[in-house]
Amino acid sequence: MNRKRSTIEFDDVEVARERLDDESVVKHTPVERSTSLDDLTDGEVHLKMEHLQWTGSFKPRGAYNKIAQCADETDRVVAASAGNHAQGVALAATKLGVDSTIVMPKGAPQAKVDATRGYGADVELVGSDFREAMRHARSLVDDETTFVHAYDDPAIVAGQGTLGIEMYEDLPDVDTIVVPIGGGGLISGIATAFAELSPETRVVGVQAAGAATVPDSLQKGDPVALESVKTIADGIATGGISELTLSHIQAHVDEVVTVTDGEIARAILLLLERAKQVVEGAGAASVAAIISEELDVAGETVMPLLCGGNLDMTMLQTVLVHALTDREQLLRLRVRIDDRPGKMEEISGVIAEHNANIQTIRHDRSAPELDVGEAHLVFQIETSGASQARAIIRSIRGHGYEVRHVNA
Ligand SMILES: Cc1ncc(COP(=O)(O)O)c(C=O)c1O
């Protein structure tokens, strides 16, 4: 790897830590063992639960460190974000007695707008996408107003680095830490802390496959930007890093892996079911990495960082439907019938004999492969899992029907 000199030093992180010494802005978040993840990885997994931070993510760390340094000469800070940065800046500014304006794209989820206002910010809804919101936010900057970038700022990087000190204190002998990467501010700070405190710890970055820019940026030696991104992990969907963060990644990060949305969805569900934690896609990416083929942590003590918990309820529904369908706990069966009275009742009865619950039934005569007088009945069924699903299909076939398993 081509190693450039990094821009912030460990001293900057230590100074940020002194600034952040206020439990009402940043609290020391817990670490929990997960024996379920031990079994899945053959390692010893300690989850760093930063999703339980104020505002639901690590973002107040960097924002507070930045705003504290300009609070004397600025009346107002401005940022563009539809996500966690918005809430982090709003909380930090309010705590420091500085006004804040957060520009969000017009389609931003109401829950995020409300949360950001709740932390004391003025929210302006401008533009149809993030780029337009960003352009407007930049236009608001003048002598009395300071722009707070989400990652391309040494003060932000140093603030996020305080999480690195905390992770080291929580588990000084950790072999591998796993940190999600969007714009790279988070991993830059954490890796700088570990380079000083425990250089033998392996620092692994994770990106979503549909928004991965670091592997190409490392290869090229310059930040590479993507025209468009596609991932369920919106917190790490920045589509680019900066020269500042690339130089820290070059200097201190040992490996960068990518995970698919399917792997992230599985990790969200595992964290819900086994660890009883609500973690958003970006936060679950670290767990997705250790249970994927991409990263081997067998025999190691490993600390995946759960860096955010603001999981959108619509996203949760999508993830659940995807996972339940995968496990055949949600089953959609298409049965070809002679379109005569009594057929729906007969097949429903077969399903009921298996104690499975029918959610919906759709009757369809329009499919081109059907003969005159035939129809499809499409049953959406809740089952206990794959073996019950197979038993139901066998029973319906046993009654002489053609059955197909179709996707939900
Ligand atoms: C939950 C969560 N995780 C990770 C990241 C990535 O942080 P960075 O952009 O500093 O790499 C973000 C950024 O918004 C985030 O919200």
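Basis of the calculations
- Residues numbered from 1 in each chain as written.
- Predicted model: local features only at pLDDT ≥ 70, side-chain atom pairs only at ≥ 80, totals over all residues.
- Heavy atoms only, no water.
- Helix = DSSP H or I, 4+ residues; strand = E, 2+ residues; numbered from the N terminus.
- Buried < 20%, exposed > 50% of the residue type's maximum accessible area, 1.4 Å probe, protein only.
- Contact = heavy atoms within 4.5 Å.
- Expected span 1.5 Å × (residues − 1).
- Domains from an automatic or database assignment.
- Pairing = 2+ DSSP bridges.
- Axes fitted to C-alpha atoms, helices over the stretch in contact; angles between N-to-C directions.
- Phe/Tyr/Trp six-rings, centres within 6.5 Å; stacked < 30°, edge-to-face > 60°.
- Lys NZ or Arg CZ within 6 Å of the ring centre and 35° of its normal.
- 1 Å grid on protein atoms, 1.4 Å probe; cavity = no way out; pocket = protein on both sides within 12 Å on 5 of 7 lines; lining within 4 Å.
- Points joined across faces, edges and corners; volume = space filled by probe spheres on them.
- Nonpolar A, V, L, I, M, F, W, Y, C, P; charged D, E, K, R; others polar.
- Salt bridge = Lys/Arg side-chain N within 4 Å of Asp/Glu carboxyl O.
- Core = buried A, V, L, I, M, F, W, Y, C linked by side-chain atoms within 4.5 Å.

**Some thoughts on the overall build of the chain**
Move 1: In terms of regular secondary structure, the chain is built from 15 helices and 14 strands.
Move 2: By its C-alpha atoms, the chain is 80 × 50 × 40 Å across when sized along the principal axes.
Move 3: Burial statistics for the chain: of 408 residues in total, 55% are counted as buried.
Move 4: Nonlocal contacts in the chain, meaning residues at least 24 apart in sequence, comprise 73% of its contacts between residues at least 6 apart.

**Regarding helix α11 (residues 261-273)**
Move 1: The end-to-end C-alpha separation of α11 is 18 Å, in line with the 18 Å expected for 13 residues at 1.5 Å each.
Move 2: The set of residues buried in α11 consists of Ile-264, Ala-265, Ala-267, Ile-268, Leu-269, Leu-270 and Leu-271.
Move 3: Packing partners of the buried residues in α11 comprise α2 (35-41), β2 (44-48), β8 (202-208), β9 (255-259), α12 (281-291) and α13 (313-326).

**Some thoughts on the domain arrangement of the chain**
Move 1: When the domains of the chain are assigned, the result is domain 1 (10-57 + 155-323), domain 2 (59-147) and domain 3 (328-405).
Move 2: Using only C-alpha atoms to locate each centre, domain 2 and domain 3 end up separated by 52 Å.

**With respect to the sheet that holds strand β6 (residues 145-147)**
Move 1: Reading across from one edge, β5-β4-β3-β6 is the order of the 4 strands in this open sheet, with parallel pairing throughout. Each edge of the open sheet is held by one strand with a lone partner, namely β5 (122-125) and β6. Taken pair by pair, the neighbouring strands of this sheet meet at an average axis angle of 25°, ignoring direction.
Move 2: Summarising the sheet, strand β3 (residues 76-80) and β6 pair through 3 bridges and their orientation is parallel. Paired with Val-77 across the two strands is Thr-146, which belongs to β6.
Move 3: Sheet strands touched by helix α4 (residues 84-95): β3 and β4 (99-104). Its angle to β4, the strand with the most contacts, is close to 170°.

**Points about the packing of aromatic side chains**
Move 1: The full count for this structure, using the stated rule, is 1 aromatic pair.
Move 2: Seen from their ring centres, Tyr-168 and Phe-194 are 6.3 Å apart, and the 85° between their planes marks the pair as edge-to-face. Of this pair, Tyr-168 sits in helix α7 (residues 154-170) while Phe-194 is found in helix α8 (residues 185-197), placing the two residues 26 residues apart along the sequence.
Move 3: Residue Tyr-168 is classed as partly exposed on the basis of its relative accessible area of 23%.
Move 4: Looking at Phe-194, the relative accessible area reads 1%, which means it is buried.
Move 5: Note that Lys-27 overlies the ring of Trp-54, its terminal NZ or CZ placed 3.7 Å from the centroid.
Move 6: The residue whose ring lies beneath Arg-138 is Phe-147, and the NZ or CZ to ring-centre distance is 4.2 Å.

**Focus: empty space enclosed by the protein**
Move 1: In the structure shown here, the tally under the stated rule is 1 cavity of 30 Å³ or more.
Move 2: Size it by volume and the largest cavity reaches roughly 40 Å³.
Move 3: In terms of residue class, the lining of the largest cavity is built from 2 nonpolar, 1 polar and 4 charged.

**Observations concerning the pattern of salt bridges**
Close approach of charged atoms allows side chains of opposite charge to pair.
Move 1: Inspection of every chain in the model, using the stated rule, returns 20 salt bridges.
Move 2: One salt bridge connects Asp-234 with Lys-112, and the closest N-O pair in it is separated by 3.4 Å. In this pair, Asp-234 is assigned in the loop between α9 (214-220) and α10 (243-252) and Lys-112 in helix α5 (residues 110-118), connecting sequence segments 122 residues apart.
Move 3: Arg-340 is paired through a salt bridge with Asp-338; the nearest N and O atoms lie 3.8 Å apart.
Move 4: We classify Asp-338 as partly exposed; its relative accessible area is 37%.
Move 5: Several salt bridges share partner residues, and in doing so they unite Lys-48, Glu-50, Arg-61, Glu-166 and Asp-170 into one network.

**Remarks on the nonpolar core**
Move 1: Membership of the largest hydrophobic core comes to 36 residues, with the highest contact counts inside it found for Leu-47, Ile-264, Leu-271 and Ile-290.
Move 2: Mapped by element, the contributors of at least two residues to this core are β2, β8, β9, α11, α12 and α13.
Move 3: It is α12 that contributes the most residues to this core, 8 residues altogether.
Move 4: Those residues in contact with Leu-47 that sit more than four places away from it in its chain are Pro-30, Val-31, Glu-32, Ser-34, Leu-37, Leu-271, Ala-275, Val-287, Pro-304 and Leu-306.

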